[in-house]
Amino acid sequence: MILILRALGVGDLLTVVPALRGLRAAFPDRPLVLAAPAWLGPLVDLIGGIDALVPCDGLAPRQLPAPSVAVNLHGRGPQSHRLLRSAGVAPMMAFACREAEHHEGPVWTAEEHEVRRWCRMLSWYGVATDPSDLAVRRPPPRSVGLTIVHPGAKAPERRWPVARFAAVAAALRGRGHRVVVTGSPAEAPRAADVAALAGLPPGAVLAGDTDIGDLAALVAHARLVVSGDTGIAHLATAYRTPSVTVFGTVSPALWGPPPDRSEHRPLWRGKLLDVTVEDILSAVDGVLCAPTP
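Everything in this summary refers to the structure shown in the same document. Fair warning: this is a prediction, and the values are worked out from it, not measured in the lab. (Residues numbered from 1 in each chain as written. Predicted model: local features only at pLDDT ≥ 70, side-chain atom pairs only at ≥ 80, totals over all residues. Heavy atoms only, no water.)

Attention now moves to the overall build of the protein. Scanning the protein from N- to C-terminus turns up eleven helices and ten strands. Relative to the compact-globule value of 19 Å for 293 residues, the protein shows a C-alpha radius of gyration of 20 Å, a close match. Each of the three principal axes of the protein carries a C-alpha extent, and together these read 60 × 35 × 35 Å. Across the 293 residues of the protein, 54% fall into the buried class. Restricting to contacts in the protein with at least 6 residues of sequence separation, those with at least 24 account for 60%. Of the roughly 12,500 Å² of accessible surface on the protein, a fraction of 55% belongs to carbon and sulfur atoms. Between the mean site of the 29 positive side-chain charges and the mean site of the 26 negative ones, the protein shows a separation of 1 Å. (Helix = DSSP H or I, 4+ residues; strand = E, 2+ residues; numbered from the N terminus. Rg over C-alpha atoms; globule rule 2.2 N^0.38 Å. Buried < 20%, exposed > 50% of the residue type's maximum accessible area, 1.4 Å probe, protein only. Contact = heavy atoms within 4.5 Å. Areas by Shrake-Rupley, 256 points an atom, 1.4 Å probe, with all protein chains shown as cover. Lys, Arg positive; Asp, Glu negative; His and termini not counted. Charge placed at Lys NZ, Arg CZ, Asp CG, Glu CD.)

Once that is clear, we can look at the pattern of salt bridges. All told, the structure shown has ten salt bridges when counted by the stated rule. In this structure, the salt-bridge partner of Arg240 is Glu263, at a minimum N-O distance of 2.6 Å. Linking Arg240 in the loop between α9 (231-239) and β9 (243-246) with Glu263 in the loop between α10 (252-255) and β10 (264-267), this pair joins segments that are 23 residues apart in sequence. The partly exposed category is assigned to Arg240, whose relative accessible area is 34%. (Salt bridge = Lys/Arg side-chain N within 4 Å of Asp/Glu carboxyl O.)

Right, let's talk about the packing of helix α8 (residues 212-220) against α9 for a bit. Two elements in contact, α8 and α9, have axes separated by 9 Å at closest approach and are oriented at 50°. Of the possible angle classes, the one that applies to α8 and α9 is oblique. Two packed elements cross with a definite hand, and for α8 against α9 that hand is right-handed. Along the contact surface, α8 presents Ile212, Leu215, Ala216, Val219 and Ala220, while α9 presents Ile232, Leu235, Ala236 and Tyr239. Its residues assigned to classes, the contact of α8 with α9 comprises nine nonpolar, no polar and no charged. (Axes fitted to C-alpha atoms, helices over the stretch in contact; angles between N-to-C directions. Parallel < 35°, antiparallel > 145°, perpendicular 65-115°, else oblique. Left-handed = near helix turned anticlockwise from the far one by under 90°. Nonpolar A, V, L, I, M, F, W, Y, C, P; charged D, E, K, R; others polar.)

This part covers the nonpolar core. If you look at the biggest cluster of nonpolar residues, it comprises 47 residues, and the most contacted ones within it are Leu23, Leu43, Leu73 and Leu235. It is α8 that contributes the most residues to this core, six residues altogether. Not counting residues up to four positions away in its chain, the partners in contact with Leu23 are Ile4, Leu32, Val71, Leu73, Met93, Leu122 and Val127. Core analysis: the next-biggest nonpolar cluster, separate from the first, contains 31 residues, Ala166, Val181, Leu272 and Val275 among them. (Core = buried A, V, L, I, M, F, W, Y, C linked by side-chain atoms within 4.5 Å.)

Turning next to the layout of surface pockets. Considering only enclosed or pocket space, the largest pocket measures out at about 1,100 Å³ in volume. Taken together, 39 residues form the lining of the largest pocket, with Gly9, Val10, Lys154, Thr230 and Gly231 sitting closest to its centre. Of all the secondary-structure elements, those providing two or more residues to the lining of the largest pocket are α1 (10-15), α5 (114-124), α8, α9 and α10. The leading source of residues in the lining of the largest pocket is α9, at four residues. In terms of residue class, the lining of the largest pocket is built from 17 nonpolar, eleven polar and eleven charged. For the second largest pocket, the lining is made up of 23 residues, of which His113, Leu134, Gly256, Pro257 and Pro258 are closest to its centre. (1 Å grid on protein atoms, 1.4 Å probe; cavity = no way out; pocket = protein on both sides within 12 Å on 5 of 7 lines; lining within 4 Å. Points joined across faces, edges and corners; volume = space filled by probe spheres on them.)

Through backbone hydrogen bonds, the strands of a sheet pair up, either in parallel or in antiparallel fashion. Sheet architecture is open: five strands sit in the order β7-β6-β8-β9-β10, paired in parallel fashion. The strands lining the two open edges of the sheet, one partner per strand, are β7 (179-181) and β10. The average undirected angle you get between the axes of adjacent strands in this sheet is 15°. Against the sheet, α9 makes contact with β6 (147-150), β8 (224-228), β9 and β10, and its axis sits at roughly 145° relative to β8, the strand it touches most. (Pairing = 2+ DSSP bridges.)

Further remarks concern the sheet that holds strand β4 (residues 69-72). Spatially, the five strands line up as an open sheet ordered β3-β2-β1-β4-β5, and their pairing is parallel. Two strands close off the open sheet at either side, each with one partner strand: β3 (52-55) and β5 (92-93). Bridge count for strand β2 (residues 32-36) against β3 is four bridges, and the pairing is parallel. By the bridge assignment, Val33 is partnered in β3 with Ala52.

Now the structure itself:
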């Protein structure tokens, strides 16, 4: 059994899809078990190739199944290395980490795109990957042709102001878009504020009413996604749904969509507030005019 650790969120999981596919091809006859948050289960099913999901949210000590090979797709260690080691003595594919006494493996590089980071790590161990293999299975539609505005993000420094999201939502509605506002249950008040300021009709706020499977279905069949640098932007990349993403302090060179895709437009000025409403609307024009992939 191959035990893979990635105990993080939506965007984190989607950036290791090429790595997961590489492991599936490298170990076709062995079960692949992913240690990740249980609520990501519907998304794991859409990725495919994973035989079992072991609930694991964060790096607190826990009982994990004993593997024949452990794969650390979570971080550079030492805590993640030690968590995998606690499952049993087995060869481990991971970045070198002296603190965890794991001396083999490549050296961690900070300025590296998250997708290519894990592909490079696996290539050190002889596992071939395709960094462009980011697609996941398209679920049946929940609704078709919506424009999704997603104003939330886990980190405060990645949250573009509510008033600006509302201005974008109002402008897009004025152009004939069917705008909905999404988010987690914790982000529902923020989503409601955006909808109210934008003058959206009742029922436009979907925040808190969608699990990750529902959100994937919405994005897969959407007209457009406008968001901050958060998980839904990676869903748009997975489905090649036209998207405009506001980046804050982190460059899209590290977490953004593939640069050769004209249907995605990351906006980065070095400071979150330097991105304007006009920047977003101009970018929307660009991605909606892009050739259909």
